Amino acid sequence: MPTATMAPARTELHLAELAEVNRPTQLPLLTRIAELLSAAPAVTHLLVRGSLASGTADRLSDVDFLVGVHDRDLPAFTAALNDLMTVAGGALLPGWRDTIVADLGGIGFVFLIQHKGKLQQVDLYLAPASQITAIRRKIAGKVVLDRPPAEITTTQIEQARSHVTGLRGRPRSCTELLIEHLVLAVLLHKRIQRGQRFVAYAEWHMLHTATKDLIKAALAPTSRFWGWYQLREEIALTPIGRACLADLDTAVTSPAVPEAADVEAALDRVFALTERACPNALDGLADAITAYRTYLEQA
């Protein structure tokens, strides 16, 4: 389980080295999250990935970590991660189980953290310590922490692998799907500002798919049909269902590549849809969503 203790001096050294070649505005946030993660006894490795590691970051760049966790501790660490990141890390919402990141044998989470008056994206890819050597052959990154465990048993490796497989295969709740919309909206605003039209197209489709999944999770949780099949037959049986399908129809007939106003309109629809079909998904999130919308308006 993560505990709040002093970060190793070695972490500070590696971060100082990183700062010498790259001084992005996100560096204070990167340092804070790195120290928080390094202080957890379960964490064996920590690497900074992406543009912050390569020195190509801009003001919109996310903070991207590969986090090695002892195979034995991976289930407990994953279970405690939301509390660690919201309470100690300053995340506005629980993490989104990342479905965009490449499969490297672990599982990714995206957190939105308040930093200098903006929402900053922090990506954590959790991987069993037994897989770190193989993963480092596939990705580039700057090492922040390297304290490999003395021993990892075959049983622990299998338990970690089973845990990751189970997390990936678990159906997402309405609350998780709502959070997916909120994260994707932040990503889409970033793509629009950067002019990344192809990526915006892909993530816009992901947002529509998340809306479809939210409707099915709320109104047809035992559906036997895959993806977009039989939606009208299953959902349009009640006034609420028909209203939700009308929202989905509006979404899928919107422009293929969104503008910022399209993203805002999509969020308005999703909030209304959630209140209509699964209001319990909003429990405990009202203040966070209010703050989220304020930050998004200032972006």
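Everything below is about the structure printed above this text.
A quick note: this is a predicted structure, and the numbers were derived from the prediction, not measured. The residue count restarts for each chain, going from 1 along the sequence in the order it is written. The predicted origin of the model limits local features to residues at a pLDDT of at least 70 and limits the giving and counting of side-chain atom pairs to 80 or more, whereas totals for whole chains, interfaces and linings rest on all residues. Values reported for side chains reflect all heavy atoms of the structure, with hydrogen atoms and water molecules removed beforehand.

> Would you explain the nonpolar core in this entry?
A general feature of soluble globular proteins is that nonpolar side chains tend to end up buried together. Formed by 43 residues in total, the largest nonpolar core has its most connected members in Leu93 and Tyr292. Residue assignment for this core shows that the elements contributing at least two residues are β4 (107-115), α7 (174-194), α8 (197-219), α9 (231-235), α10 (239-252), α11 (260-277) and α12 (286-298). Only heavy atoms matter for contacts: two residues are in contact if any of them lie within 4.5 Å across the pair. Contact partners of leucine 93, with chain neighbours within four places excluded, come to Thr86, Phe111, Leu112, Leu182, Leu285, Ala288 and Tyr292. The criterion is simple. A nonpolar core is a set of buried Ala, Val, Leu, Ile, Met, Phe, Trp, Tyr and Cys residues joined through side-chain atoms within 4.5 Å. Only protein chains enter the accessibility calculation, which uses a 1.4 Å probe; a residue is then buried when its area is under 20% of its type maximum, exposed when over 50%, and partly exposed in between. Grouped together as the second largest cluster of nonpolar side chains are 36 residues, Ala40, Val69, Val122 and Leu145 included. To qualify as a helix, a DSSP run of H or I must reach at least 4 residues; to qualify as a strand, a run of E must reach at least 2; elements of each kind are numbered from the N terminus.

> Where do I start with the pattern of salt bridges in this structure?
Pairs can form between side chains of opposite charge whenever their charged atoms are close. When a carboxyl oxygen of Asp or Glu is within 4 Å of a side-chain nitrogen of Lys or Arg, the pair counts as a salt bridge. Taken as a whole and judged by the stated rule, the model has 14 salt bridges. With a closest N to O distance of 2.8 Å, arginine 161 and glutamate 158 form a salt bridge. With arginine 161 and glutamate 158 both in helix α6 (residues 154-169) and three residues apart, the pair spans about one turn of that helix. Assessed through its relative accessible area of 42%, arginine 161 is described here as partly exposed. Given the relative accessible area of 44%, glutamate 158 is considered partly exposed. Across the pair arginine 293 and aspartate 268 runs a salt bridge whose closest N-O atoms are separated by 2.8 Å.

> I'm lost on α10 in this one. Help?
The periodicity of an α-helix, 3.6 residues per turn, causes residues three or four places apart in sequence to face the same way. Given a helix with a known number of residues, its expected span is that number minus one, times 1.5 Å. Between its first and last C-alpha, α10 extends 20 Å over 14 residues, near the 20 Å set by a 1.5 Å rise per residue. Within the span of α10, buried status applies to Gly241, Cys244, Leu245, Asp247, Leu248 and Ala251. With its buried residues spanning 155 degrees around the axis, α10 presents them on a single face. Note that the arc is defined by the directions from the helix axis to the C-beta atoms.

> Honestly, the sheet that holds strand β6 (residues 142-146) in this entry has me stumped. Any pointers?
Strand pairing is assigned whenever DSSP identifies at least 2 bridges connecting the two strands. One open sheet accounts for six strands, arranged β3-β4-β5-β2-β1-β6; its pairing is mixed. Strands at the two margins of the open sheet, each flanked by one partner only, are β3 (96-97) and β6. Pairing geometry for strand β1 (residues 43-49) and strand β2 (residues 63-69), over six bridges, is antiparallel. Considered in β2, the bridge of valine 48 is made with phenylalanine 65. In the packing of helix α2 (residues 27-38) onto the sheet, the strands contacted are β1, β2, β4, β5 (118-128) and β6, and the crossing angle to β2 comes to about 10 degrees. Fitted lines through C-alpha atoms serve as axes, helices being fitted only where they are in contact, and the angles separating the N-to-C directions of these axes extend from 0 to 180 degrees.

Geometry only, nothing functional implied.
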